[in-house]
Amino acid sequence: MMASSYNAKEEDRHQPGATGHVGSGTMTNKMPDNTAFKQQRLPAWQPILTAGTVLPAFFVIGLLFIPIGVGLFVTSNNIKEFEIDYTGVDMSSPCYSCSQSYSWNNTKSCTCSVPFSLDQPFESNVFMYYGLSNFYQNHRRYVKSRDDSQLNGDKTSLQSPSKECEPYRSSDKPIAPCGAIANSLFNDTLELYYIDPNGSRTAIPLVKKGIAWWTDKHVKFRNPSGNNNLTVVFQGTSKPVNWRKPVFELDPSDSDNNGFINEDFIVWMRTAALPTFRKLYRIIQKKPNNMTPTLPRGEYILEVTYNYPVRSFDGRKRMILSAISWMGGKNPFLGIAYITVGSVCFCLGLVLLSIHYRYGKRNSADISS
Amino acid sequence: MDFSVLRNLISRYCAGEEYWVDSRTVYIGHKEPPPAAEAYIPQRYPDNRIVSSKYTLWNFIPKNLFEQFRRIANFYFLLIFLVQLIIDTPTSPVTSGLPLFFVITVTAIKQGYEDWLRHKADCSINECPVDMVQQGTVVRTQSSKLRVGDVVMVREDETFPCDLILLSSSRGDGTCYVTTTSLDGESSHKTYYAVPDTMAFKTEQEVDSLHATIECEQPQPDLYKFVGRINIYKEREDPIARPLGAENLLLRGATLKNTGHIYAVAIYTGMDTKMALNYQSKSQKRSAVEKSMNAFLIVYLCILISKAVINTVLKYAWQWSADRDEPWYNHRTEIDRERHVVIRAFTDFLAFMVLFNYIIPVSMYVTVEMQKFLGSYFIAWDKDMYDEELGVGAQVNTSDLNEELGQVEYVFTDKTGTLTENNMEFIECCVDGHVYIPHAICNGQILSAASSIDMIDSSPGGYRREHEDLFFRALCLCHTVQAKEEETVDSIKRGIHLGKPTSFYISSSPDEVALVEGMKRLGYTYLRLKDSHMEILNKDDEIERFELLHVLNFDSVRRRMSVIVKSSSGEYLLFCKGADTSIFPRVVSGKVEQVRARVEQNAVEGLRTLCVAYRSLSPAEYEEACHQLSDAKLALKDREQRLAQAYDLIERDFTLLGATAVEDRLQEKAADTIESLQKAGMKVWVLTGDKMETAAATCYASKLFRRSTQILELTKKRTEEQSLHDVLFDLSRTVLRQRSLSGLSVECQDYGLIIDGATLSAVLKPSPESSGSGNYREIFLEICRNCSAVLCCRMAPLQKAQIVKLIKASKEHPITLAIGDGANDVSMILEAHVGIGIMGKEGRQAARNSDYAIPKFKHLKKMLLVHGHFYYIRIAELVQYFFYKNVCFIFPQFLYQFFCGFSQQPLYDTAYLTLYNISFTSLPILLYSLIEKHISIEMLKRDPTLYKDVAKNALLRWPVFLYWTCLGLFNACIFFFGAYFLFDNTTFTSNGQLMTTNTQMMFGNWTFGTLVFTVLVFTVTLKLALDTHHWTWINHFVIWGSLLFYVIFSLLWGGIIWPFLNYQRMYYVFMQMLSSGPAWLGIILLIAISLLPDVVKKVLCRTLWPTATERAQSNRSCLTVELSTIFVLTQSDSRLSF
């Protein structure tokens, strides 16, 4: 009795090693169990990484990776992509004047037309992106400056946005949507026109839906419920400072693309990983049962409503047209990397093979002797 | 006797404070002494409540938290947590708060539970009923209500409730038997004595009439030391003062045996009892691994701080222009803007610290502790280290040192009981040079007197006859052996010895038992001690009675013991037995030369020898001796010293009678064990109190010295001829010359050194006369380093510790291990890095004070070569891997800062940051560190040289650490830049395109982070899989299971809008990523690249520069089918891509 009362104390003095008196008390008088686990004799597979065992793996990796890499590389090279910078830094560029005369208070929008030509036609669906450079969407202050519950249609958050939104939280009335991300929504309007050889301009139909994640559009982003009329719903809130129009007028023509569930808005709200990024803007769909390519080769005009200032932070704005393949967009890196790793593995395999034959024998001879 | 009282009073009041501090006066039965005697000073002592619990209900939380945060690691994480709470940091406080909370809670629950158990135990003890004598009647009361001075009655088989002074017992002779198993593990019955003046009290009334005070020292923890004095007052008589010693003190925790009941008075209660005082903490030993771990931690702390500083500086350099600091789309808040730039910079620094703090994970400490705690069970579970005979297995007293078992370079071993069985057998005795050998050795069975004597001449001369008689009587009388009568049941079993009183002997010293049993075989049977008369059955079956007057107990300084007896004819005789060196100088007559020759011959044969001498005392001499002894015994102060002086005076002018020889056989497999240890690169030193010849013989028998070993002697005999200086230089020249020669020749002459205690203290003593003498120590160490084995004989216990300390402090700082079984080894066990106790016959003191206790010396082999080796490689991998995986984890975050404007944006989501170390990567490494076996147990035992592969902290040296860290950095770069190139398109400006899915959706920064994290978790886990050499089903389960858990968790975490979160950043991120083909291809590619260099390095090292362990592994693999390996490697490849 006395002894047991002190055992606990005895254990404790080995704190903080958290040790126990394993052997004391009842343990001492008992023969330890003869189980495989307790005797550390569990049956086990005991692999050893020797040249002999690793060799085949190297060759297998080499033989697998090189074809995959070649496949990726070829596919990536076949993807057509076209990119045009319309920032208007040069005097010669058509958007130069717009980029110079820019101010936030300017209610009159400035437009410019950027002509370009496609050497090759784009088959199938074409994706139209806008790209920004030197824009730190991944800055911490920026990334957290949003209120997800407001965007999810929460009424209380609508009226009192999260503190994270500061300093874009309220301007006499609470801002909806609040925060720096929403405030800096990309608001250039891009339009594409095809110049027929005869000189007439044909507007290319741009599909603005289906560019955001389905889950974002249907679950994560929601307009405040209660009324179909968004004007009423957003009453008592003010638009973000830099916006020209309130959130419920983002796309008045389509109630399914208005307010928080506007897809351009949703795409913008997914902050980019790196300071140079591109975001999906529109989709140019393949014409149904038509043999002509989506974008035939020829002359085009990009009509830009120039609203978005980037000169102040040395930014660039680009428009990108890209096709897509089974492996996504154009990405030569993956293909090259696969080919490199595959060949390195193969070479290492050869090196190891020679080493194995020269030294492996010696070692096993050592052991047997 | 007024004088003594006066002296008492004077000494009490004049000695002043100091005297008060170290003694207490106990009033038996709380009765005031007669007014004339001395002033009654009521004193307050703690009550008998035992409080072993640390906490109470209301102080548990604050006290426990305080205790926990005193640990530096916990405090560091608390600090990080507080920083996160106070300033605006990139990660939410949850990320460090949750793990910290988890660790703290688990520890608190564990400690709380233990404390609750302690409370329960305390309660049951404190409420345990005790019989107390009050006003002449027995009153039952609770144990906790007992106070100092209370008279207590204890019945047979009851445990003493507090430290008591025995007053009287139901046995007529005022003795009682006690077993102290629960205190020191010794199961023998010990005899305790009552003071003669009180032993007559038989009833409660009589006891109650006692009027006395006890003066004794203040409580001290030494179980075997006690000094006190009882003053008994009788009406109209002078008070009688009697000495009290440890033999009068019944300790709490001991149990009364073979005695009906006793009366005793409480002197130490509650937390003052020796038992309670003994459960205080020993000094903590730290293992070498822990030291390297701390060194690595400091490196990482420096890395962490420099990372934070670099980033802060770069941040302010980068955002020098306002357009970068505050572009139009990303303004600061007003409050932030108004803050002073220095404060902002400091906050930023702290924020970076917080962002990178995971590089030192909370979970590492928890994992290391769990590994040590759980891992130590394997030692206790090992049935190879279970001893059938003793019924005990190995014991782990501290698990902090498990891995140190794999690092031992020096083994210091005791001889008796450790190398040898400590199972003594009487071999022979010699009286005046005539040798007597018992006819047959029958393990203590009693043979008839006539047949047992072989060489005793039937008609010896008178002088010889007289000496022979004295010799045998001396051995029968001069001991502290108890004769225990067999229980009736046993006597049936053994009862073939018709008519004879059957009994067996119990003693704390096996030598004594062997001697007494040997005497029995030679015809002189010691029967019992009755009424302080020793009874002997002599050769002629006559009972002789000797009155036992004094026992001059054995101690290791004097190395002898004596008894003073009065024979029936009224002669006073002093018998003494002891080591030859302590007897011979005191001998005045007898055949010294013959005996000495015999003793030396026996010693060479490895027998333990004792010399026996006697002195007959005249009544006057006896009176004087008596006086000296009682004076010394009565002293409260310096009693030990005064006793020693008294003994010295009494034990002189001996007449030598003869010598005895007792054999102590080597433990089984002791030689094999020593050989293995030496092969494993350990230096084995034998430290013993024994004679040089005996010890050397044991060393030869145990193969510590071989025939080829050249013995160097550094003994008193040699230093008497030459000066110590010359001897030392001679030896070192011999050794060094040999070394310079052996550079050419392969065959190495090995040396063995023998040194004795006297020479050792001369070597270690810094002598002032010559300036060069300080180098003795160095020269000595130099000689020792070049000797394969060292034998130190004639060592005092403290010298053993000194030697260990000397080696510990030498310039290589080797790891030392001390192993011993007796109380004299305790100091050495405590001093060494690892102390191992043998649960032997000399009590359990060594085992109690050790870090590990094993039943037999041979178990040391498995303990070190197998368990030590395993623990070391396990913990080494654990430590390195933990640092590696956290470099992999945090370095991408550091790199990311260069791409997000140094804004402290975390790369990973909060949940990933929090759970990475807690759940995604914790279990595989914990399991690895518990059950990894890179090589089989049999192989380790068969080839001790494998131990050299892990010696000197081989797996935790800086180059290895650097390799792991570089590997981590490389992997981190691969993860980050791999993902970067997958996401980035600036490098391919003309034709690059962002990675898109089949649904052409865009990926943001969280997908980037998740991609990096997924590659990270898989790579880090698979790296461990590559390191695992022992794949049991548990390994498969845990490794693949934890990867699966990561995937399932991520799916779940991203699959639901979590209502309690104020952000939904991870919503569907993981699913979207998995639905993209390039992401899959990228993940597989990055994992392959990350693992490639490590695999190549492993294969190359193994093929070109294989270590002994690797050779042994390959040797085994030759037997197994190689195909299976390939199969699983390809299988693990396919695993990557689920």
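Parameters and conventions
- Residues numbered from 1 in each chain as written.
- Chains lettered and ligands numbered in written order.
- Predicted model: local features only at pLDDT ≥ 70, side-chain atom pairs only at ≥ 80, totals over all residues.
- Heavy atoms only, no water.
- UniProt positions renumbered as here; feature names shortened; annotations may be inferred.
- Helix = DSSP H or I, 4+ residues; strand = E, 2+ residues; numbered from the N terminus.
- Buried < 20%, exposed > 50% of the residue type's maximum accessible area, 1.4 Å probe, protein only.
- Areas by Shrake-Rupley, 256 points an atom, 1.4 Å probe, with all protein chains shown as cover.
- Patch = residues over 30% accessible without salt bridge, like charges linked within 9 Å, V, L, I, M, F, W, Y side chains within 5 Å.
- Salt bridge = Lys/Arg side-chain N within 4 Å of Asp/Glu carboxyl O.
- Pairing = 2+ DSSP bridges.
- Disulfide = S-S within 2.5 Å.
- Axes fitted to C-alpha atoms, helices over the stretch in contact; angles between N-to-C directions.
- Left-handed = near helix turned anticlockwise from the far one by under 90°.
- Contact = heavy atoms within 4.5 Å.
- Nonpolar A, V, L, I, M, F, W, Y, C, P; charged D, E, K, R; others polar.
- Polar contact = N/O pair within 3.5 Å; in protein donor to acceptor, adjacent residues only side chain to side chain.
- pLDDT = per-residue confidence, 0-100.
- Core = buried A, V, L, I, M, F, W, Y, C linked by side-chain atoms within 4.5 Å.
- Phe/Tyr/Trp six-rings, centres within 6.5 Å; stacked < 30°, edge-to-face > 60°.
- Lys NZ or Arg CZ within 6 Å of the ring centre and 35° of its normal.

The name given to chain A in an unreviewed UniProt entry is Cell cycle control protein, with the source organism recorded as Oncorhynchus mykiss. Here chain A is described in UniProt, under the heading Sequence similarities (unreviewed entry), as follows: "Belongs to the CDC50/LEM3 family."

Peer 1: In this structure, what is going on with the overall build of chain B? I would like to understand it.
Peer 2: Along its length, chain B carries 42 helices and 34 strands. Residue burial in chain B is summarised as follows: out of 1138 residues, 59% are buried. Total accessible area computed for chain B in this model is approximately 45500 Å², and 59% of it derives from carbon and sulfur atoms.

Peer 1: Explain a nonpolar patch on the surface to me, please; I cannot follow it from the model alone.
Peer 2: Taken together, B:L301, B:I305, B:V309 and B:V313 make up a surface patch of nonpolar side chains, about 290 Å² in accessible area. Tracing the backbone shows B:L301 in helix α9 (residues 288–318).

Peer 1: Before we go on, may I ask you to explain the pairing of strand β8 (residues 212–217) of chain B in this structure?
Peer 2: Residues and elements named next belong to chain B. Taking burial as the measure, the 6 residues of β8 include 6 buried ones, the bulk of the element. Pairing between strand β1 (residues 23–27) and β8: 5 bridges, direction antiparallel. Bridge assignment links Y27 to a residue of β8, and that residue is T213. Note: β8 against strand β9 (residues 228–232), 5 bridges, orientation antiparallel. Residue pairing in the sheet places C216 in a bridge with G228 of β9.

Peer 1: Would you take a moment to explain the state of the cysteines for this structure?
Peer 2: Linking two cysteines covalently through their sulfur atoms gives a disulfide. Residue and element names in this part refer to chain B. Inspection of the entire model under this criterion finds 3 disulfides over all chains. Numbered by order of appearance in the sequence, the disulfide-linked cysteines of chain A pair as 1-4, 2-3, 5-6. With no disulfide of its own, C478 has C576 as its nearest cysteine by sulfur position, at a separation of 6.2 Å. Take C611: it sits in no disulfide, and the sulfur closest to it among the cysteines is that of C430, at 8.3 Å.

Peer 1: I'm lost on unusual backbone geometry in this one. Help?
Peer 2: Glycine aside, residues mostly have negative phi, and peptide bonds are mostly found in the trans state. All names here are of chain A. In this structure, the amide linkage connecting E166 to the following residue, P167, adopts the cis form with an omega of 0°. Counting through the fold element by element, P167 comes out in the loop between α6 (155–159) and β4 (170–171). For the bond from A176 to P177, the omega torsion is -10°, close enough to zero to count as cis. Within the fold, P177 resides in the loop between β5 (173–174) and α7 (180–183). If you check the backbone angles, S124 has positive phi at about 45° while not being a glycine. Here S124 is to be found in the loop between β2 (110–118) and β3 (126–133). Here S124 falls in the partly exposed class, since its relative accessible area comes to 30%. In the Ramachandran plot, D314 falls in the positive-phi region, its phi being about 65° despite a non-glycine side chain. By the element assignment, D314 lies in the loop between β9 (298–306) and β10 (316–322).

Peer 1: Is there a simple way to think about the environment of B:R242 in this case?
Peer 2: Mapped onto the fold, B:R242 is located in strand β10 (residues 240–244). Look at B:R242 and you get partly exposed, because its relative accessible area is 31%.

Peer 1: Honestly, the pattern of salt bridges in this entry has me stumped. Any pointers?
Peer 2: Pairing is possible between side chains that carry opposite charge, provided their charged atoms lie close to one another. A complete count under the given rule lists 63 salt bridges over all chains for this structure. Across the pair A:E83 and A:R318 runs a salt bridge, and its minimum N-O distance is 3.5 Å. On the criterion of sequence distance, the pair formed by A:E83 in strand β1 (residues 81–85) and A:R318 in strand β10 is long-range, its members being 235 residues apart. According to the relative accessible area criterion, A:E83 is partly exposed, its value standing at 23%. Its relative accessible area of 8% is what places A:R318 among the buried residues. Each of the salt bridges in this network shares a partner with another, and the network as a whole consists of A:R41, B:D382, B:K383, B:D384, B:K862, B:E938 and B:K941.

Peer 1: Explain the packing of helix α13 (residues 362–375) of chain B against helix α34 (residues 922–931) of chain B here, please?
Peer 2: Any two packed helices are characterised by how steeply their axes cross, that is the angle between the axes, and by the distance between the axes. Residue and element names in this part refer to chain B. Here α13 crosses α34 at 35°, and the two axes come no closer than 9 Å. When the axes of α13 and α34 are compared, the crossing they make is right-handed. Here T367, M370, Q371, L374 and G375 of α13 lie close against α34, whose contacting residues are L926, S929 and L930. Its residues placed into classes, the contact of α13 with α34 shows 4 nonpolar, 4 polar and no charged.

Peer 1: What is the right way to look at the sheet that holds β2(A) in this model?
Peer 2: By way of backbone hydrogen bonds, the strands of a sheet pair with one another, either parallel or antiparallel. All names here are of chain A. In space, the 4 strands of this open sheet follow the order β2-β9-β6-β7, with antiparallel pairing throughout. The sheet terminates laterally at β2 and β7 (201–203), the two strands that pair on one side only. Each strand of the sheet is rotated relative to its neighbour by a mean of 30°, with strand direction disregarded. Note that strand β6 (residues 189–195) and β7 share 3 bridges and pair antiparallel. Of the residues in β7, the one forming a bridge with Y194 is T202.

Peer 1: Hey, could you run me through the side chain of B:N231 in this one?
Peer 2: Here B:N231 lies in strand β9. A polar atom in the side chain of B:N231 sits 2.9 Å from the side chain of B:E215.

Peer 1: I'm lost on the confidence of the model for chain B in this one. Help?
Peer 2: When pLDDT drops low, the exact placement of atoms in the prediction is not to be read closely. Residues and elements named next belong to chain B. Summing up the model confidence of chain B, the mean pLDDT is 80 and the portion of residues at 70 or higher is 85%. Predicted confidence in chain B is weakest over helix α15 (residues 449–452), with a mean pLDDT of 36, and strongest over helix α38 (residues 1033–1055), with 95. Segment residues 440–460: pLDDT under 50, and 31 contacts once partners within four positions in sequence are set aside and those in other chains are kept. Confidence estimates for the predicted assembly give a pTM of 0.79 and an ipTM of 0.91.

Peer 1: Is there a simple way to explain the nonpolar core in this structure?
Peer 2: Across soluble globular proteins, nonpolar side chains have a tendency to be buried as a group. Core analysis: the largest hydrophobic core is formed by 206 residues, its most contacted members being A:W268, A:L302 and A:L321. Here the element with the most residues in this core is helix α32 (residues 859–897) of chain B; it accounts for 18 residues. Apart from residues lying up to four places away in sequence, A:L302 is in contact with A:I84, A:Y86, A:C112, A:S113, A:V114, A:F116, A:M128, A:L190, A:E191, A:L192 and A:M319. Judged by nonpolar contacts, the second largest core, of 49 residues, contains B:L704, B:L791, B:L817 and B:L927.

Peer 1: I tried to follow the confidence of the model for chain A on my own but got confused; where do I start?
Peer 2: All names here are of chain A. Looking at chain A, pLDDT values average 82 and 86% of them are 70 or higher. The model gives residues 1–28 a pLDDT under 50, and that stretch makes 82 contacts with residues more than four places away or in other chains. This stretch, residues 365–369, has a pLDDT under 50; its non-local contacts, to residues over four places away or in other chains, come to 4 contacts.

Peer 1: For this particular structure, what's the right way to read the packing of aromatic side chains?
Peer 2: How two aromatic rings sit relative to each other is set out by the distance from centre to centre and by the angle between their planes. Taken as a whole, this structure holds 94 aromatic pairs over all chains when the rule is applied. Where A:W268 meets A:F277, the ring centres are 6.3 Å apart and the plane angle is 55°; that geometry is what we call tilted. We note that A:W268, like A:F277, is buried. On the numbers, 6.4 Å between centres and 75° between planes, the contact of B:F1018 with B:Y1046 is edge-to-face. Highlighted residues: B:F1018 in helix α37 (residues 1005–1027) and B:Y1046 in helix α38, separated in sequence by 28 residues. Comparing B:F1018 with B:Y1046 shows no difference in burial state: the two are buried. Positioned over the ring face of A:Y281 is A:R282, at 4.1 Å from the centre of the ring. The ring of B:F356 carries B:K307 above its face, with NZ or CZ at 5.5 Å from the centroid.

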